[in-house]
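In case you want the letters, here they are:
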Amino acid sequence: LISTAIYFLGGAKLVTDLVSFLYPAYMSFKAIDSGNPTEDTQWLTYWVVFSFFSILEGTIAPLADSVPFYFVLKVGFFIWLYHPKFLGAALVYSQIIKPNVVPYLNSLGVTPAAKKVE
């Protein structure tokens, strides 16, 4: 009943935005207080991928509108990014974002911070 009301109020875009934001935001708040650096890294990585996807989606919006079941695919993609069994955000970051962004940061004289070894 609630999901039907949300769908009729905002459509598929609202549903996908809620799926990609509410649960990760809740888990991020929990991770901040947990003191577990692994959880912090996982959720920070998710938000980096989320941000890149949001920028990309904004630039290709007309193209995305022509993809059948786009919003269903988007929900599946975001669940894959943050689901504990898959942790797709780490894969997307390490295989796509990091290799393409870090060289530009280095050319600007910005070096990414190294991980602390405790």
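Data block above holds the structure.
Residues numbered from 1 in each chain as written. Predicted model: local features only at pLDDT ≥ 70, side-chain atom pairs only at ≥ 80, totals over all residues. Heavy atoms only, no water.

(A) Quick look at the packing of aromatic side chains. Enumeration over the complete set of coordinates arrives at 16 aromatic pairs. A centroid spacing of 5.6 Å and a plane angle of 65° characterise the contact between Phe-21 and Trp-47, whose relative ring orientation is edge-to-face. Pair noted here: Phe-21 is in helix α1 (residues 2–34) and Trp-47 is in helix α2 (residues 37–59), with a separation of 26 residues, a long-range link. Taking relative accessible area as the criterion, Phe-21 reaches 42% and is therefore assigned partly exposed. A centroid spacing of 5.1 Å and a plane angle of 80° characterise the contact between Tyr-46 and Trp-47, whose relative ring orientation is edge-to-face. Here the aromatic cluster, defined as three or more aromatic residues joined through ring pairs, consists of Phe-21, Tyr-23, Trp-43, Tyr-46, Trp-47, Phe-50, Phe-53, Phe-77, Phe-78, Trp-80 and Tyr-82. (Phe/Tyr/Trp six-rings, centres within 6.5 Å; stacked < 30°, edge-to-face > 60°. Helix = DSSP H or I, 4+ residues; strand = E, 2+ residues; numbered from the N terminus. Buried < 20%, exposed > 50% of the residue type's maximum accessible area, 1.4 Å probe, protein only.)

(B) Up close: the nonpolar core. With 15 residues, the main nonpolar core has Trp-43, Tyr-46, Val-49, Phe-78, Leu-81, Ala-89 and Val-92 as its most contacted residues. Secondary structure elements with two or more residues in this core: α1, α2, α4 (70–82) and α5 (88–107). When residues of this core are assigned to their parent elements, the largest contribution, 5 residues, is made by α2. (Core = buried A, V, L, I, M, F, W, Y, C linked by side-chain atoms within 4.5 Å.)

(C) Region of interest: the environment of Ile-79. Within the element layout of this structure, Ile-79 appears in helix α4. In this structure the C-alpha to C-alpha distance between Ile-79 and Val-19, which are 60 residues apart in sequence, comes to 7.7 Å.

(D) A look at α4. The terminal C-alpha atoms of α4 lie 19 Å apart, and with 13 residues this matches the ideal 18 Å at 1.5 Å per residue to within 8%. Burial in α4 covers these residues: Tyr-70, Lys-74, Val-75, Phe-78, Leu-81 and Tyr-82. One side of α4 carries all its buried residues, which in axial view fall inside an arc of 135°. Facing away from the buried side of α4, by more than 90 degrees, are the exposed residues Val-72 and Leu-73. (Expected span 1.5 Å × (residues − 1). Arc of directions from axis to C-beta.)

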